[in-house]
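Per-entry structural report
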Amino acid sequence: MARIVVVTSGKGGVGKTTTSSSFATGLARRGHKTAVIDFDVGLRNLDLIMGCERRVVYDFVNVINKEANLQQALIRDKRFENLYILAASQTRDKDALTQAGVGRVLEELSKDFEFIVCDSPAGIEKGAMMAMYYADEALVVTNPEVSSVRDSDRVLGLLDSKTQRAEKGEKIKEHLVVTRYSAERVAQGEMLSVEDVGDILSIQLLGVIPESQDVLNSSNAGTPVIMEEESNAGLAYDDLVARFLGEDRPHRFIQAEKKGFFGRFMGR
Amino acid sequence: MTVLKVGSADLGQIEVDLAARIDNAPGFFRDMPVLLDIGVDSLDLAGLLSLLRRNDMIPVALYQPTPAMAEMGRELSLGVLQDMRPVREVPAAEPEPVTEPVADSPVTAERAAPAAPAEPVYRPTRVVRQPVRSGQQIYARGGDLIVLAPVSAGAEVLADGHVHIYGALRGRALAGVEGDANARIFCQQLDAELVAVAGCYTVNEDIDPAVRGKSVQISLAGERLQIEAN
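What counts, and at which threshold
Residues numbered from 1 in each chain as written. Chains lettered and ligands numbered in written order. Predicted model: local features only at pLDDT ≥ 70, side-chain atom pairs only at ≥ 80, totals over all residues. Heavy atoms only, no water. Pairing = 2+ DSSP bridges. Helix = DSSP H or I, 4+ residues; strand = E, 2+ residues; numbered from the N terminus. Axes fitted to C-alpha atoms, helices over the stretch in contact; angles between N-to-C directions. Phe/Tyr/Trp six-rings, centres within 6.5 Å; stacked < 30°, edge-to-face > 60°. Lys NZ or Arg CZ within 6 Å of the ring centre and 35° of its normal. Core = buried A, V, L, I, M, F, W, Y, C linked by side-chain atoms within 4.5 Å. Buried < 20%, exposed > 50% of the residue type's maximum accessible area, 1.4 Å probe, protein only. Contact = heavy atoms within 4.5 Å. Buried area = accessible area lost by both parts, 1.4 Å probe. Salt bridge = Lys/Arg side-chain N within 4 Å of Asp/Glu carboxyl O. Polar contact = N/O pair within 3.5 Å; in protein donor to acceptor, adjacent residues only side chain to side chain. Arc of directions from axis to C-beta. Patch = residues over 30% accessible without salt bridge, like charges linked within 9 Å, V, L, I, M, F, W, Y side chains within 5 Å. Areas by Shrake-Rupley, 256 points an atom, 1.4 Å probe, with all protein chains shown as cover. Parallel < 35°, antiparallel > 145°, perpendicular 65-115°, else oblique. Left-handed = near helix turned anticlockwise from the far one by under 90°.

A separate point is the sheet that holds strand 12 (residues 185-190) of chain B. All names here are of chain B. With mixed pairing, the 6 strands of this open sheet are ordered in space as 6-8-10-12-15-16. The open sheet has two free edges, formed respectively by strand 6 (126-128) and strand 16 (224-229), since each of these has just one partner strand. Here the strands of the sheet are splayed against their neighbours by 20° on average, with no regard to which way each runs. In this structure, strand 15 (residues 216-221) lies alongside strand 16, joined through 6 bridges in antiparallel fashion. Bridged to Val216 within strand 16 is Ala229.

Given below as structure tokens:
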């Protein structure tokens, strides 16, 4: 059986799709057969970030409506043979997602894949509820600022009450992913620290992704940022995937760089 | 529930007294359900009801009426209460914050004291082990609430009895929701949006910085909330 992982946040623009694409790519790069699904019906983005937007023929809604089968709709990544993308429909709205339909697609995918990554839309409306309903685990993506943290808290409440596991009395495993983190701004007191966010949300920290120009550049290029070996954000995503798979890796990029002469002299 | 004692059959007099009382505490009676304790033998009940409703009060039932009055009340769709046994007894000596009964006034409002000593009703304490998240509301009806995790901003925990939070309180906590002035709130880290005991509340802005972030207990001292660091 596949592990179904939803990437969610409540708030928009915090890095759900960036995280989904890098997370799925990281899993596939480590040899795990992975499918990533865009649940943001009507506003599809994942295919752009994965760089497969010109190969979309059928989409998720077509499969739900049985207008196409999964084999036709799954787009195989050109870089990793273990990685498949199921794009969202741009022309439908979120009412096209039915609980039974989503369940059927996930069940079929589960037969062949090790991991299914569900990229949730923002908000707590139907699309987001469908993305989380069947999940076994959740990556809760949060920016270090108060409104994002509060929205994540709201989503955690929904994960604990409105999902299939919650209805069966089981627990979803929840992981915290803090994105767009700037250690310098935290040091200046302009941003919440990782400790603050972890304290408020009280779930296990999976990874901290530093604020980086590379994220925008790689999104524009259609390359998940995890593939940028020179990028701190890419390295942080690689750590995150390793930790998710059970490796013990220390957290990086959460201390401000020492800039003064004395700091440089003392080194690390 | 608030009992409105009616000692006069003269609606005009009642209206004057009521207006004075409402002026005293504007907004206090708004949408407040009241029981009517009618101390006169005959009275224009329909007229009294419309008078109260005009003043934004909600008359719900007659309290210990005479059989004739009870009959009239039923015809006007009022409930009839012969004996009240609140789950938690409000001490009869507890001063009512804004409505002290005025002698020889035909209308006096006061907290209902039970006619007979209330039977202690045991309700199991509600225990919550998960964090209470933004948007969630947990109400322990008729008893105490224990939360073994943080209460997030945007969450609300309520109890008819005490509220205990073994973690940070960042949302709202209300104890003694049904009016128990002896109820208390305990938390390990006070950063609440709002705390209230028996309807008396304090918002975050008004919390003394000295107790912010501290382990505290909150109780009602007269008309004011008292927040003490443990």
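Bringing the packing of aromatic side chains into the picture now. Counted under the stated rule, the structure contains 5 aromatic pairs over all chains. Positioned above the aromatic ring of Phe113 of chain A is the side chain of Lys33 of chain A, whose terminal nitrogen or guanidinium carbon lies 4.9 Å from the ring centre.

Moving on to the nonpolar core. One recurring pattern in soluble globular proteins: nonpolar side chains tend to sit buried together. All names here are of chain A. Grouped together as the largest cluster of nonpolar side chains are 52 residues, with contacts concentrated most on Phe39, Phe60, Leu86, Val102, Leu109, Ile116 and Leu159. With sequence-adjacent residues up to four places away left out, Ile116 is seen in contact with Ala2, Arg3, Ile4, Val5, Ala35, Ile37, Leu106, Leu109 and Ser110. Judged by nonpolar contacts, the second largest core, of 32 residues, contains Leu83, Ile85, Ile209 and Phe244.

It is worth spelling out the interface of chain A and chain B at this point. Contact residues are listed per partner, giving 12 residues for chain A and 11 residues for chain B. Overall, the association of chain A and chain B removes approximately 950 Å² of surface from exposure, summing both partners, and the carbon and sulfur fraction of that is 37%. By the criterion of area lost to chain B, the three top residues of chain A are Arg150, Asp153 and Arg154 of chain A, representing 44% of everything that side buries. Run the count over chain A and chain B and you get 3 salt bridges. Where Arg150 of chain A meets Glu193 of chain B, a salt bridge forms, and the shortest distance between an N and an O atom there is 3.5 Å. The tally of links between chain A and chain B comes to 6 residue pairs in polar contact (both at pLDDT 80 or more). Of the residues forming the side of chain A that touches chain B, the biggest block, 5 residues, is contributed by helix 7 (residues 146-159) of chain A.

The next point concerns the side chain of Thr18 of chain A. Mapped onto the fold, Thr18 of chain A is located in helix 1 (residues 16-29). Those residues in contact with Thr18 of chain A that lie beyond four places of it in its chain are Ile49, Val215, Ser219, Val225 and Tyr237 of chain A.

Attention now goes to helix 10 (residues 194-201) of chain A. Buried within helix 10 of chain A are the following residues: Val194, Val197 and Leu201 of chain A. Along the axis of helix 10 of chain A, the buried positions cluster into a sector of 70°, meaning they face one direction only.

A few words now on the pairing of strand 6 (residues 137-142) of chain A. Residue and element names in this part refer to chain A. Most of strand 6 sits inside the fold, with 6 of its 6 residues counted as buried. By the alternation rule, side chains of strand 6 split into Glu137, Leu139 and Val141 and Ala138, Val140 and Thr142, which are all buried. Inspection of the sheet shows strand 1 (residues 3-8) paired to strand 6 by 4 bridges, in the parallel sense. Its bridge partner lying in strand 6, Thr8 is registered against Val140. Inspection of the sheet shows strand 6 paired to strand 7 (residues 173-181) by 6 bridges, in the parallel sense. In the strand pairing of strand 7, Ala138 is matched with Glu174.

On the surface, Val127, Leu148 and Tyr166 of chain B cluster together into a nonpolar patch covering about 270 Å² of accessible area. Relative to the assigned elements, Leu148 of chain B resides in the loop between strand 8 (145-147) and strand 9 (156-159).

The subject of this paragraph is the sheet that holds strand 13 (residues 194-197) of chain B. Residues and elements named next belong to chain B. The strand order 7-9-11-13-14 describes an open sheet built from 5 strands, whose pairing is mixed. Two strands in the sheet have a free side with no partner beyond their single neighbour: strand 7 (137-140) and strand 14 (200-203). Between one strand and the next, the sheet's axes are offset by a mean angle of 10°, whatever the strand orientation. Taken together, the 4 bridges between strand 13 and strand 14 define a ladder with antiparallel strand orientation. Residue pairing across strands places Val195 opposite Thr202, the latter belonging to strand 14.

All names here are of chain A. Counting buried positions along strand 2 (residues 34-38) yields 5 of 5 residues, so the element is predominantly enclosed. Of the two faces of strand 2, the one holding Thr34, Val36 and Asp38 and the one holding Ala35 and Ile37 are both buried throughout. Pairing of strand 2 with strand 4 (residues 83-86), which is carried by 4 bridges, proceeds in the parallel orientation. Bridge assignment links Ile37 to a residue of strand 4, and that residue is Leu86. With 5 bridges joining them, strand 2 and strand 5 (residues 115-119) adopt parallel strand pairing. In the strand pairing of strand 5, Asp38 is matched with Asp119.

This part is about the packing of helix 1 of chain A against helix 12 (residues 232-244) of chain A. Residues and elements named next belong to chain A. Closest axis-to-axis distance for the helix 1/helix 12 pair is 9 Å, and the angle between their directions is 60°. When the interaxial angle is binned, helix 1 and helix 12 end up oblique. Crossing of helix 1 against helix 12: the hand is right-handed. Contact with helix 1, carried on its side by Thr18, Thr19, Ser22, Phe23, Gly26, Leu27 and Arg29, involves Tyr237, Asp238, Leu240, Val241 and Phe244 of helix 12 and no other residues of that element.

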